[in-house]
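Fold and contact review
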Amino acid sequence: MGLKIIGALGTAQYNVLQVKYKDELIVKYNKKGEDIMGSPYSLITILHYINKYNNKLVKDGVEFIILNTEQSKNYHFNNEVDNVKIKYENNNRIGNDYNLNNGYLVSNYLNLRAELDYYIDNKIFDFPIKYNNIDVKNNYNDDDKWKFFNNIYNELYKSDDNIIIDITNGNRTFPTMMMFDINFYESIVGDDLVKGVFYVNTNTSELISLSNMYYITKWTNAINTYLKSGSYKNYRDLVKTLVDNYSDKEIALGIKKVSKCLEAVIDAFKLMKIGFYMKFPKKKVKYEHFVTYKIVMLLREIKDFKETTRNRKSDELLILLKAIEGIKDQFDWLDIEDKYHYSKNEWCCYLNHNFYKHMYYLLNYFKNHEMYQQAITLIKEVLYPIKQGNPISIASRNKTIDNKERIIISYYQQFYNKINQYLKTKENNVDFVSFIKQLDMYHEMRNRINHAFQINIGRLQSDENIRQYEFVVDYYDKLLSIIKKEENKFKNNDIEEFLDNHDHFIKDITDIFNSYHCEIVESLGI
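The following paragraphs examine the structure supplied in this document. (Residues numbered from 1 in each chain as written. Predicted model: local features only at pLDDT ≥ 70, side-chain atom pairs only at ≥ 80, totals over all residues. Heavy atoms only, no water.)

**A closer look at the state of the cysteines**
Quick reminder of the rule: Two cysteine sulfur atoms form a disulfide, by the criterion used here, when they sit within 2.5 Å.
Tallied over the full model, the rule gives 0 disulfides. Its sulfur unpaired, Cys 348 is 7.4 Å from the next cysteine sulfur, which belongs to Cys 349.

As structure tokens, then:
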């Protein structure tokens, strides 16, 4: 993958700037026995900087995309003359690197086109260089602004190169329009290609990197997308780019740790890693994989980052902390502000005693992020695992029951019987009964969707050597009616309305079930 460096030229008399990085001249090379130090062109300065300090970006070659108005092209990118030549007017100032010659101001240095040709012809660098000019207007209006947009897009689309942006020169609208265009291009190709944003401060002869700002903005947008949809194709690559190129390594390390924990949380949400934290005898609970525990670890990492940077004062850090606080706010329902000192066992105990309360907030996360299948699954499989009926009797398939199984069976038998009693108190509640019926309907539809509507085969019987199945006509008939568009009731807006309308039921259920759970857990010592 090569590198595109995109920037614009203006019409000013550029003076040679000896820009330094870490007290070392960025542009310094020998030309025909003469030491060249500095450059009038920010694009040249950026090229030398990347070659010295991020060489892996240029190893496959560099292509310059240079935006020129007719006048800037005549001054700084002229094919007919090698030096900058500007007609002298009475009110013209004469720059330090210009001489007055026959009515023209002539530069002591090569124009950008001639300088790049010299690099190419004399192989100044050990990687190929090429350039492409894009003709632009000095000002755009509503009628032709999209031409600017389209011209840059077409150049970018020729290859999937990485991109460096130079916003030093040109009309003041060009940097904004370039950024719009490049962000649009990245969205189309589904990749994060920008590896740096720079400008040269001509007053102080400094190369200013805006890359950190750009990366943090992209990272924050990616987090938002990640949290909302559970998907961001290039999230890891973006974080790696940010960490590798971020100038403050302590901050970069903090971002890396927070991002890794965030990935674990989102993966746990997508895979619905919801499990009990009960401590059954001789049974090691792998609670580290459960979503609420992953959230705790994320919040702890955020707190550690804030503690590590507590004594540092900078606007950059304040902006970054706002982004990180935005992540924390997504999970403010997990009340752990006074519990960060907890051990793993204490965390397990806390999450165990709040298990069903937390289910309510996990459900809302699924709903708010339009993960409706997960939302329905959570209600039906976790909050309503049984229907109203006779007292529950749970037995083991094993011939002998050890103490561990006996305690597990006791927990579920007590818990389900309490649920059964609760449901009996609701059997004359018309709204509640309607809620259960609708829930069953959505759950059946969710189940069919998860099985790609292929639930036509039912298990008849089986033993160790043979399995028999039967084709269930009723399933097939239901399938035909379900997939008809006018009869398909699994619509996202309907499900969201269903969940919103019955939120009070769901909240009450989680609180009540949590009290049942805690009572039984305490009595069994698990």
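**What about the sheet that holds strand 7 (residues 83-87)?**
The cut-off we apply is this: Pairs of strands are assigned from DSSP output, requiring at least two bridges between the strands. Helical segments are the DSSP runs of H or I of at least four residues, strand segments are the runs of E of at least two, and each set is numbered from the N terminus. Helix axes are fitted to C-alpha atoms over the stretch in contact, other axes to C-alpha atoms as well, and angles between N-to-C directions run from 0 to 180 degrees.
Read from one edge to the other, the open sheet built from 3 strands follows the order 7-9-8, with strand pairing classed as antiparallel. A strand with exactly one partner marks an edge of an open sheet, and here the two such strands are strand 7 and strand 8 (98-101). Neighbour to neighbour, the strand axes of the sheet diverge by 25 degrees on average, direction disregarded. Looking at chain direction, strand 8 and strand 9 (residues 104-110) are connected through 4 bridges and run antiparallel. Across the sheet, Tyr 98 pairs through a bridge with Ser 107, a residue of strand 9.

**Section: the packing of aromatic side chains**
Centre distance and the angle of the planes are the two values used to describe a pair of aromatic rings. Stated formally: Pairs were defined over the aromatic rings of Phe, Tyr and Trp, the Trp ring being its six-membered one, requiring ring centres within 6.5 Å. Orientation was assigned from the angle between planes: stacked under 30 degrees, edge-to-face over 60, tilted for the rest. Residue burial is assigned from relative accessible area. The probe radius is 1.4 Å, only protein chains are included, and a residue is buried under 20% of its type maximum, exposed over 50%, and partly exposed in between. Note on geometry: a ring has a charge over it if NZ (lysine) or CZ (arginine) is within 6 Å of the ring centre and within 35 degrees of the ring normal.
Tallied over the full model, the rule gives 50 aromatic pairs. Aromatic side chains Phe 77 and Tyr 131 sit 5.4 Å apart centroid to centroid with 85 degrees between the ring planes, which places their arrangement in the edge-to-face category. Of the two residues, Phe 77 is situated in the loop between helix 2 (70-76) and strand 7 and Tyr 131 in strand 10 (residues 129-135); the sequence distance between them amounts to 54 residues. A relative accessible area of 4% means that Phe 77 is categorised as buried. Under the relative-accessibility criterion, Tyr 131 is labelled partly exposed at 27%. Seen from the ring of Tyr 104, Lys 87 lies directly overhead, with NZ or CZ sitting 5.5 Å from the centre. The ring of Phe 432 has Lys 426 lying over it, and the distance from NZ or CZ to the ring centre is 5.8 Å.

**Remarks on the pattern of salt bridges**
What counts, and what does not: When a carboxyl oxygen of Asp or Glu is within 4 Å of a side-chain nitrogen of Lys or Arg, the pair counts as a salt bridge.
Applying the stated criterion across every chain, the model contains 26 salt bridges. Glu 24 is the salt-bridge partner of Lys 52, the closest N and O atoms lying 3.9 Å from each other. With Lys 52 in helix 1 (residues 42-53) and Glu 24 in strand 3 (residues 24-25), this pair connects stretches of sequence that are 28 residues apart. Between Lys 339 and Asp 338 there is a salt bridge, and its shortest N-O distance comes to 3.0 Å. Through salt bridges with shared partners, a single ionic network connects Lys 4, Glu 63 and Asp 161.

**Structural notes on the side chain of Gln 374**
Worth spelling out the cut-off: Two residues qualify as a contact provided that any one of their heavy atoms is within 4.5 Å of a heavy atom in the partner residue.
Here Gln 374 lies in helix 13 (residues 372-383). Those residues within four positions of Gln 374 in sequence are excluded, and the remaining contacts are Lys 270, Met 272 and Phe 366.

**Side note on the nonpolar core**
Defined as follows: Nonpolar cores were defined as sets of buried Ala, Val, Leu, Ile, Met, Phe, Trp, Tyr and Cys residues, with membership established by side-chain atoms within 4.5 Å.
Ranked by size, the top nonpolar core spans 111 residues in total, and within it Trp 219, Ile 295 and Phe 331 carry the most contacts. Considering each element in turn, this core owes the most residues, 10 residues, to helix 8 (residues 249-270). With sequence-adjacent residues up to four places away left out, Phe 331 is seen in contact with Leu 227, Val 265, Phe 269, Ile 295, Leu 298, Leu 299 and Tyr 365. Ranked by size, the runner-up nonpolar core spans 40 residues in total, among them Val 27, Leu 105, Ile 129 and Leu 207.

**So, a nonpolar patch on the surface**
This is how it is decided: In this analysis, a patch consists of residues with relative accessible area above 30% that form no salt bridge, clustered at 9 Å for like charges and at 5 Å for the nonpolar side chains Val, Leu, Ile, Met, Phe, Trp and Tyr. Values of accessible area rely on a 1.4 Å probe in the Shrake-Rupley scheme; residue burial ignores everything except the protein chains shown.
Judged by side-chain polarity, Tyr 157, Phe 184 and Ile 188 come together as a nonpolar surface patch covering roughly 320 Å² of accessible area. With respect to the secondary-structure elements, Phe 184 resides in helix 5 (residues 174-189).

**With respect to the side chain of His 76**
Operational definition: N or O atoms closer than or at 3.5 Å make up a polar contact, with two conditions inside protein: a donor-capable atom paired with an acceptor-capable one, and, for residues adjacent in sequence, both atoms drawn from side chains.
Inspection of the secondary structure puts His 76 in helix 2. Judged by relative accessible area, which is 0%, His 76 ranks as buried. A distance of 2.9 Å separates a polar side-chain atom of His 76 from the backbone oxygen of Ala 12. Sequence-distant contacts of His 76, that is, excluding residues within four places in its chain, are made with Leu 9, Gly 10, Thr 11, Ala 12, Tyr 14, Tyr 41, Val 84, Tyr 98, Tyr 109, Asn 111, Leu 112 and Arg 113.

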